Amino acid sequence: PDVARQDHSVDDIKKVVQLCRLYKTRYLQLHLTDDQGWTFPSTKYPQLGTKNYGAHGGIAPRRYDLAELKELVPCADARGVTIVPEFEVPGHSGAAVRAMPDVFDAIDPESKQPIGIGCMNMSNETIYPVLDTLIGEMCEVFRSSPYFHIGSDEVTTET
């Protein structure tokens, strides 16, 4: 489910897990981050998810509670469904860029304001320890998954 663009409760995701079981689908990808929303509850960077907005006038996606996700994973595992987390990097990252522009965006050296390059600024060296922490946090919650989807589509570049 695309939980980063439209609000979906954990109960809704559990219903999708049950449908996966009925249709013998082994993997369910959770699209946790996008331009509209950051839904993963980072303990190290709690400001992520504070700048979410609803796509196409919809309800802003919620930032899940860590306990909810930790309970969801064994629920899915018990039904033979593995949840694969997705973290969009470097494109489709507007929610992260808005919440932490000093890490994720390019900063104008004169005004000290974010430039808004439309994706994560991968040339900023301070981004890599943050990404490492976030990926580690996600993989810890979704540890039963042998997969982790890191996105990488529709990246803009400045020339």
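Look a little higher up for the structure.
Residues numbered from 1 in each chain as written. Predicted model: local features only at pLDDT ≥ 70, side-chain atom pairs only at ≥ 80, totals over all residues. Heavy atoms only, no water.

**Q** What's the story with the packing of aromatic side chains in this structure? I'm lost.
**A** One pair of aromatic rings is described through two measures. These are the centre distance and the angle between the planes. Going through the model one piece at a time under the given rule, you end up with two aromatic pairs. Their ring planes at 85° and their centres at 5.2 Å tell us that Trp38 and Phe87 sit as a pair that is edge-to-face. With Trp38 in the loop between strand S1 (27–31) and helix H2 (66–78) and Phe87 in the loop between strand S2 (82–86) and helix H3 (94–99), this pair connects stretches of sequence that are 49 residues apart. For Phe87, a relative accessible area of 0% translates into the label buried. (Phe/Tyr/Trp six-rings, centres within 6.5 Å; stacked < 30°, edge-to-face > 60°. Helix = DSSP H or I, 4+ residues; strand = E, 2+ residues; numbered from the N terminus. Buried < 20%, exposed > 50% of the residue type's maximum accessible area, 1.4 Å probe, protein only.)

**Q** What should I look at first to understand the pattern of salt bridges in this one?
**A** If charged atoms from side chains of opposite charge come close, those side chains can pair. A complete count under the given rule lists five salt bridges for this structure. Asp34 is the partner of Arg5 in a salt bridge, and the nearest nitrogen-oxygen pair spans 2.9 Å. With Arg5 in the segment before helix H1 (10–22) and Asp34 in the loop between S1 and H2, this residue pair connects regions lying 29 residues apart in the sequence. Asp34 sits in the buried class, given a relative accessible area of 2%. The partner of Asp7 in a salt bridge is Arg62, and the shortest N-O contact between them spans 2.6 Å. Residue Asp7 is found in the segment before H1, and its partner Arg62 is found in the loop between S1 and H2; the two are separated by 55 residues along the sequence. Residue class for Asp7 comes out partly exposed when judged on its relative accessible area of 24%. Relative accessible area serves as the criterion here: at 33%, Arg62 is assigned to the partly exposed category. (Salt bridge = Lys/Arg side-chain N within 4 Å of Asp/Glu carboxyl O.)

**Q** Before we go on, may I ask you to explain the pairing of S1 in this structure?
**A** The side chains of a regular strand alternate between the sheet's two faces. Taken together, the five bridges between S1 and S2 define a ladder with parallel strand orientation. Bridge pairing links Gln29 to Val84 in S2. (Pairing = 2+ DSSP bridges.)

**Q** Would you mind showing me how to read the nonpolar core here?
**A** Nonpolar side chains in soluble globular proteins tend to be buried together. Within the largest apolar cluster, 36 residues are counted, with the highest numbers of intra-cluster contacts made by Trp38, Leu48, Phe104, Met120 and Phe142. Of all the elements, helix H5 (residues 127–141) adds the most residues to this core, at six residues. (Core = buried A, V, L, I, M, F, W, Y, C linked by side-chain atoms within 4.5 Å.)

**Q** Looking at this model, I keep getting lost on the environment of Gly49. Mind explaining?
**A** As for its position among the elements, Gly49 is in the loop between S1 and H2. It is 6.8 Å that separates the C-alpha atoms of Gly49 and Ala95, two residues lying 46 residues apart in sequence. Once residues within four sequence positions are removed from consideration, Gly49 is found in contact with Trp38 and Arg63. (Contact = heavy atoms within 4.5 Å.)

**Q** Got a minute to help me understand the environment of Asp7 in this structure?
**A** When the C-alpha atoms of Asp7 and Glu71 are compared, they prove to be 19 Å apart, with 64 residues separating the residues in sequence. Ignoring sequence-local partners within four residues, the contact set of Asp7 consists of Ile59, Ala60, Pro61 and Arg62. Polar side-chain contacts of Asp7 include one of 2.6 Å to the side chain of Arg62. (Polar contact = N/O pair within 3.5 Å; in protein donor to acceptor, adjacent residues only side chain to side chain.)

**Q** I'm lost on H2 in this one. Help?
**A** Helical geometry note: an α-helix holds 3.6 residues per turn, so side chains three or four residues apart project in the same direction. Along its 13 residues, H2 runs 19 Å from first to last C-alpha, staying within 8% of the 18 Å computed at 1.5 Å per residue. Residues of H2 that are buried in the fold lie against H1, S1, S2 and H5. Structurally, the start of H2 carries an N-cap: the backbone nitrogen of Ala67 is 2.9 Å from a side-chain oxygen of Asp65. Looking one or two residues past H2, Gly80 carries a phi angle of roughly 75°, positive in sign. (Expected span 1.5 Å × (residues − 1).)

**Q** Would you mind going over a nonpolar patch on the surface with me for this structure?
**A** Taken together, the side chains of Leu19, Leu22 and Tyr23 present a nonpolar region at the surface, about 380 Å² in accessible area. Of note, Tyr23 is situated in the loop between H1 and S1. Accessibility expressed as a relative area gives 66% for Tyr23, which makes it exposed. (Patch = residues over 30% accessible without salt bridge, like charges linked within 9 Å, V, L, I, M, F, W, Y side chains within 5 Å. Areas by Shrake-Rupley, 256 points an atom, 1.4 Å probe, with all protein chains shown as cover.)

**Q** Would you explain the pairing of S2 in this entry?
**A** Across the five residues of S2, five count as buried, placing the element largely inside the fold. Going residue by residue along S2, you find Thr82, Val84 and Glu86 tucked away on one face and Ile83 and Pro85 tucked away on the opposite face as well. Note that the unit made of S1, H2 and S2 has a crossover that is right-handed. (Right-handed = clockwise from strand over helix to strand, strands pointing away.)

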